[in-house]
Amino acid sequence: MATADQIEDVFDVYDKDHDGKVSKEFLAESIQALGKAPTAEQQKALAAEIPGDFFDLSQLKNAYRKNALKTAKELENDMTNCFRALDRVPHRNPKHQNSKTTLV
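Residues numbered from 1 in each chain as written. Predicted model: local features only at pLDDT ≥ 70, side-chain atom pairs only at ≥ 80, totals over all residues. Heavy atoms only, no water.

Caption draft 1: Examining the pattern of salt bridges more closely. Inspection of the entire model under this criterion finds three salt bridges. K66 serves as the salt-bridge partner of E49, at 3.0 Å between the closest nitrogen and oxygen. Placement of E49 in helix α3 (residues 40–49) and of K66 in the loop between α4 (57–64) and α5 (72–88) is noted, with a sequence separation of 17 residues between them. We classify K66 as partly exposed; its relative accessible area is 33%. For K73, the salt bridge identified is with E76, shortest N-O distance 3.8 Å. Of the two residues, K73 and E76 are both situated in helix α5; the distance of three residues between them amounts to about one turn of the helix. A residue is classified by how much of its surface remains accessible, and E76, at 45% relative accessible area, is partly exposed. (Salt bridge = Lys/Arg side-chain N within 4 Å of Asp/Glu carboxyl O. Helix = DSSP H or I, 4+ residues; strand = E, 2+ residues; numbered from the N terminus. Buried < 20%, exposed > 50% of the residue type's maximum accessible area, 1.4 Å probe, protein only.)

Structure, rendered in structure tokens:
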């Protein structure tokens, strides 16, 4: 989880003219720079929650702290768990003995 200072540092990188606002086109990129990996659907929803074409620091903090947003590592763990669950299910096709051989 990023600290308030880290969020402010990322905001400052995108606030090039130092007017306290950043174009919404950089919202998802800012959140990703802080270690979260919002899906395309989440990116659209986050942008839709912010009125206008710009976001400020407090809006970035609120967007970043959304519980549904996961880090890339959390998404990887979710995917790994899905494959583990699939590996426990017997397959009818002997060519696909487990997910690892399917992926390789």
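The structure having been displayed, the exposition proceeds.
Caption draft 2: Broad picture of the nonpolar core. One finds L27, I31, F55 and L60 to be the most contacted residues of the largest nonpolar core, which totals 16 residues. Elements represented by at least two residues in this core include exactly α1 (4–14), α2 (27–33) and α4. Looking at this core, the element that brings in the most residues is α1, giving four residues. (Core = buried A, V, L, I, M, F, W, Y, C linked by side-chain atoms within 4.5 Å.)

Caption draft 3: The arrangement of the packing of α1 against α4 in detail. Viewed as axis vectors pointing N to C, α1 and α4 meet at an angle of 120°, and their least axial separation amounts to 10 Å. What the angle tells us is that α1 and α4 run oblique. Note that α1 runs across α4; the crossing there is right-handed. Of the residues in α4, those in contact with A4, I7, E8 and F11 of α1 are L57, L60, K61 and Y64. (Axes fitted to C-alpha atoms, helices over the stretch in contact; angles between N-to-C directions. Parallel < 35°, antiparallel > 145°, perpendicular 65-115°, else oblique. Left-handed = near helix turned anticlockwise from the far one by under 90°. Contact = heavy atoms within 4.5 Å.)

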